[in-house]
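Topology and contacts: notes
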Amino acid sequence: MKKILFVVTIVLSLVVTLFAVYQINPSDCRNCGRCVSACDEDAIYFDTSVGKYQIDPNLCEDCGDCVDRCRDDAIEQVPVSNDDTDVEIVTLSVNVFPNPTATKAIFKVFTEDRNMEGKLSIYNMKGQKIRSYNVDSKNNVTSWDLTNSKGTRVAPGNYLYKLEAGDKTITRAMTVLD
């Protein structure tokens, strides 16, 4: 009987994992950023519209490392409906490689919109704009040589990159090494 109960528990936990995503509760999150450093998939980003960190379910690998690093218990696994009407289709995303970087950063914009035009901006942690690039669906790869708009190399540390295209804004963090 114990063996059957154990197997049922394992199966149920797998089903919950397959139909669940991690989310950050904004009221519990204190913006410490520990979850960002724990995420190897760059799935956690700072959402400027709410002023808190968020998890991109399309990039999240459900490893739970962010949950382990969160001191505030602000991250939880929540069930996802299997009703297609509840799922928002993401048509825009941006990734940076390598992250962290010491030489240059390559930004790749993914979109299904063939007429997408947008702006990719890089900010320091004070919110000061360091550099901006125009991006579109044809020129969807941008390389940053880690210099500001005056051509001076930026200091090592954490930076935010923000992609604005149409009514969508995506903000994520990256690290520049010495």
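Just so it is clear, the structure is predicted and the values come from calculations on it, not from any experiment. (Residues numbered from 1 in each chain as written. Predicted model: local features only at pLDDT ≥ 70, side-chain atom pairs only at ≥ 80, totals over all residues. Heavy atoms only, no water.)

Let's talk about the packing of aromatic side chains
Under the criterion given, the structure shown has 3 aromatic pairs. On the numbers, 5.3 Å between centres and 80 degrees between planes, the contact of F46 with Y53 is edge-to-face. Given a relative accessible area of 11%, Y53 falls into the buried group. (Phe/Tyr/Trp six-rings, centres within 6.5 Å; stacked < 30°, edge-to-face > 60°. Buried < 20%, exposed > 50% of the residue type's maximum accessible area, 1.4 Å probe, protein only.)

Remarks on the side chain of T147
You can see T147 is positioned in the loop between β9 (141-144) and β10 (157-165). For T147, the side chain forms a polar contact with the side chain of D145, separated by 2.5 Å. Apart from residues no more than four positions distant in its own chain, T147 is found in contact with I130, R131, T152, R153 and V154. (Helix = DSSP H or I, 4+ residues; strand = E, 2+ residues; numbered from the N terminus. Polar contact = N/O pair within 3.5 Å; in protein donor to acceptor, adjacent residues only side chain to side chain. Contact = heavy atoms within 4.5 Å.)

What about the pattern of salt bridges?
Taken as a whole and assessed by the stated rule, the structure comprises 4 salt bridges. A salt bridge links D145 to R131, with the shortest nitrogen-to-oxygen separation between them at 3.3 Å. Placement of the pair is D145 in the loop between β9 and β10 and R131 in strand β8 (residues 129-136), with a sequence separation of 14 residues. Look at R131 and you get partly exposed, because its relative accessible area is 22%. (Salt bridge = Lys/Arg side-chain N within 4 Å of Asp/Glu carboxyl O.)

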